[in-house]
Amino acid sequence: MAQRDVLVTVLINNYNYGLFLNQAIDSALNQTYQNIEVVVVDDGSTDESRDIILGYGDNVVKVLKENGGQASAFNAGIGASRGEVICMLDSDDWFFPDKVERLIPYSRPSSILHHRLQMQPGPGLIPSTTVEPIDVYAYARRYRFIPFGGSPTSGIAISRDLAVKLLPFPKVRASADDFLVRGAALLGNIIGIPEVLGAYRIHGNNVWYGTNSRKSDEFNRELERYLNEKLVTAGKEPVIDFFHSMYGRESVPQNAAELSRLAISVFRHHSDLVTFKFMVKTLALGLKRAVPGS
């Protein structure tokens, strides 16, 4: 199939970002790549967002729903889309005009793509966290969890065949990209693009990428359940165990006994240099916690 025959969906998820919404929609409609549909999901906004969306007429596919959170917006938007590649866009961000044209050559079946974003305002770049080419499932078997190998939502694109396998996402209110990126990594391929293809807006109402990596225990339990469920559906053993992994250290009680128990459990599960270093560091942390006044 010729590259320009590929239908690409730009999926914009919005909640009360009417102030920024026009720029996001216009950036999707004004791409140099022409074979595009723009799906705009409004997640029960109470500001002027819906009037703005309706003003675009037939130029966009409109999904107007009750408020349910970002993951429910992903579910609704992917369900309404037709593209073989789905580019995600938060409504307070925007794409550069040639984003889709530059991204399409990298796209493959069963793949998730990610790229860097220009911070706005400011001269900095929002990084795209690259995971080295590895067997992610084998990594999960060894370490019981997997890293986040991607970017903020607006730097993510996913092939349709892989997106369908990931649905439905649990109805979490925010950080739905954790489910999207980690699920795609376990079931498909990760492709990092070394280009800056969009802008990431920092403003008073968003908790911007990288500033709050600590998720609640409830969130992590839901993520663990979801990933294991998708592994079972794919015919694989459920191996995700966040609270007994290196990644779960901040979520266990921060006392010597619990930290020591986690350190030894991680090393016994899979003994290598990575888990040995984790064990030593965590045992030292537990010892520090045991000293009064530390």
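For the structure itself, look to the data block above.
Residues numbered from 1 in each chain as written. Predicted model: local features only at pLDDT ≥ 70, side-chain atom pairs only at ≥ 80, totals over all residues. Heavy atoms only, no water.

A word on helix α5 (residues 136-143). Along an α-helix, a turn takes 3.6 residues, which lines up residues three or four apart on a common side. Those residues of α5 lying buried are Val 136, Tyr 137, Tyr 139, Ala 140 and Tyr 143. Seen from one end, α5 has its buried residues packed into an arc of 155 degrees, which puts them on one side. Against the buried residues of α5 lie α7 (177-187), β9 (189-201), α8 (217-233) and α10 (273-290). Structurally, the start of α5 carries an N-cap: the backbone nitrogen of Tyr 137 is 3.1 Å from a side-chain oxygen of Asp 135. (Buried < 20%, exposed > 50% of the residue type's maximum accessible area, 1.4 Å probe, protein only. Helix = DSSP H or I, 4+ residues; strand = E, 2+ residues; numbered from the N terminus. Arc of directions from axis to C-beta. Contact = heavy atoms within 4.5 Å. Polar contact = N/O pair within 3.5 Å; in protein donor to acceptor, adjacent residues only side chain to side chain.)

This next bit is on the pattern of salt bridges. The tally for this structure, following the rule as stated, stands at 11 salt bridges. Measuring nitrogen to oxygen at the nearest pair gives 2.8 Å for the salt bridge that ties Glu 237 to Arg 141. Residue Glu 237 is found in the loop between α8 and α9 (256-269), and its partner Arg 141 is found in helix α5; the two are separated by 96 residues along the sequence. The shortest N-O distance in the salt bridge between Glu 222 and Arg 225 comes to 2.6 Å. Remark: Arg 225 and Glu 222 occur in helix α8; sequence separation between them is 3 residues, near one turn of the helix. Here Glu 222 falls in the partly exposed class, since its relative accessible area comes to 25%. Judged by its relative accessible area of 37%, Arg 225 falls in the partly exposed class. (Salt bridge = Lys/Arg side-chain N within 4 Å of Asp/Glu carboxyl O.)

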